[in-house]
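Topology and contacts: notes
What follows is each chain in one-letter form.
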Amino acid sequence: AADPLPVDWCEAWGESRGSLERLLHALKFERHDFLDAALAGLLEERLRARGDLEFDAITAVPMTSKHERRRGYNQAELLARALSYRLGVGCDMRLLMRRGERATQSTLPRRDRAANVRGAFAASPHAKGKSILIVDDICTTGETLRACAAALGGAGASRVCAIAVAKAS
């Protein structure tokens with residue numbers, strides 16, 4: 001079995017198939033950035049159902065600057081900012097940084113994803129002692145969230161949790 005994620009918990013609102021898969025694809029690749037508020041509402045619903053809203057900061061899985069320039073935005077950051085607004089918890093995009101260019105996770109077979117993101121993220125010293133929620137649009141294998149959480153933990157975050165709109169089915 002795979003190592004457990006270095007997070008207190010990891011949740012997803014739904015499974016990436018059908019309409020939800022099409023919505024996330026539109027958010028990611030068709031410039032449907034207006035979907036952020038509605039999707040953040042789903043994340044808020046999931047968090048409130050879980051009963052855990054004790055975070056010092058919300059952050060998102062960072063993109064490479066090249067990908068962000070090409071797309072025009074980071075969809076995970078849009079979701080994090082919209083969720084931050086809904087919950088009244090600060091959004092701090094400086095907590096995680098992407099190191100260098102790597103292959104896009106979605107283009108790789110599952111077996112290659114862990115190696116691709118190992119060491120791909122660096123965390124800010126500002127993470128020290130903080131309870132942090134990482135937001136992403138989709139969790140396929142969990143390797144990206146694992147790498148982000150490991151970086152935050154290494155920087156001294158007191159607690160790291162993760163939430164995505166969808167998980168791979």
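You'll find the structure just up there.
Note that the structure is predicted; figures quoted are calculated from it, not measured. (Residues numbered from 1 in each chain as written. Predicted model: local features only at pLDDT ≥ 70, side-chain atom pairs only at ≥ 80, totals over all residues. Heavy atoms only, no water.)

1. Observations concerning the nonpolar core
Condition: By nonpolar core is meant a set of buried Ala, Val, Leu, Ile, Met, Phe, Trp, Tyr and Cys residues that side-chain atoms within 4.5 Å join together. Only protein chains enter the accessibility calculation, which uses a 1.4 Å probe; a residue is then buried when its area is under 20% of its type maximum, exposed when over 50%, and partly exposed in between. Numbering of helices and strands runs from the N terminus, with a helix taken as a DSSP run of H or I at least four residues long and a strand as a DSSP run of E at least two residues long. The contact definition used throughout considers only heavy atoms, calling two residues in contact when any of these lie within 4.5 Å.
With 28 residues, the main nonpolar core has Leu39, Leu47, Ile58, Leu83, Leu133 and Val135 as its most contacted residues. Contributing elements (two or more residues each) for this core: α1 (18-29), α2 (36-50), β2 (57-60), α4 (75-87), β5 (131-139) and β6 (159-168). With six residues, the top contributor of residues to this core is α4. Once you skip the residues sitting within four places of it in the chain, isoleucine 58 turns out to touch Ala80, Leu83, Ser84, Leu87, Val89, Gly90, Cys91, Asp92, Leu133 and Val135.

2. Quick notes on the packing of α2 against α4
Stated precisely, the cut-off is as follows: Axis lines are fitted through C-alpha atoms, for helices just across the contact stretch, and the angle between N-to-C directions can take any value from 0 to 180 degrees. Roughly parallel means an angle under 35 degrees; roughly antiparallel means over 145; roughly perpendicular covers 65 to 115; every other angle is labelled oblique. Helix crossings fall into two classes, left-handed where the near helix is turned counterclockwise from the far one by less than a right angle and right-handed where it is turned clockwise. Each residue gets one of three labels, nonpolar for Ala, Val, Leu, Ile, Met, Phe, Trp, Tyr, Cys and Pro, charged for Asp, Glu, Lys and Arg, and polar for the others, Gly among them.
Where α2 contacts α4, the two axes come as close as 8 Å, and the packing angle between them is 60°. Considering the angle they form, α2 stands oblique to α4. α4 is crossed by α2, and the crossing has right-handed handedness. Residues Asp36, Ala37, Leu39, Ala40, Gly41, Leu43, Glu44, Leu47 and Arg48 of α2 lie in contact with α4, whose contacting residues are Leu78, Leu79, Ala82, Leu83, Arg86 and Leu87. Class assignment of the residues belonging to the contact of α2 with α4 gives a composition of ten nonpolar, one polar and four charged.

3. A few points about the pattern of salt bridges
The test is simple: A pairing counts as a salt bridge when a side-chain nitrogen of Lys or Arg comes within 4 Å of a carboxyl oxygen of Asp or Glu.
Inspection of every chain in the model, using the stated rule, returns eleven salt bridges. In this structure, lysine 28 and aspartate 137 form a salt bridge, with 3.2 Å as the shortest nitrogen-oxygen distance. Of this pair, lysine 28 sits in helix α1 while aspartate 137 sits in strand β5, and the two are 109 residues apart along the sequence. With respect to class, lysine 28 is no different from aspartate 137; both count as buried. Note that glutamate 44 is salt-bridged to arginine 48, the shortest N-O span being 2.9 Å. Residue glutamate 44 and its partner arginine 48 are both found in helix α2; the two are separated by four residues, about one turn of the helix. The exposure class assigned to arginine 48 is partly exposed, which follows from its relative accessible area of 46%. Several salt bridges share partner residues, and in doing so they unite Glu11, Arg46 and Arg50 into one network.

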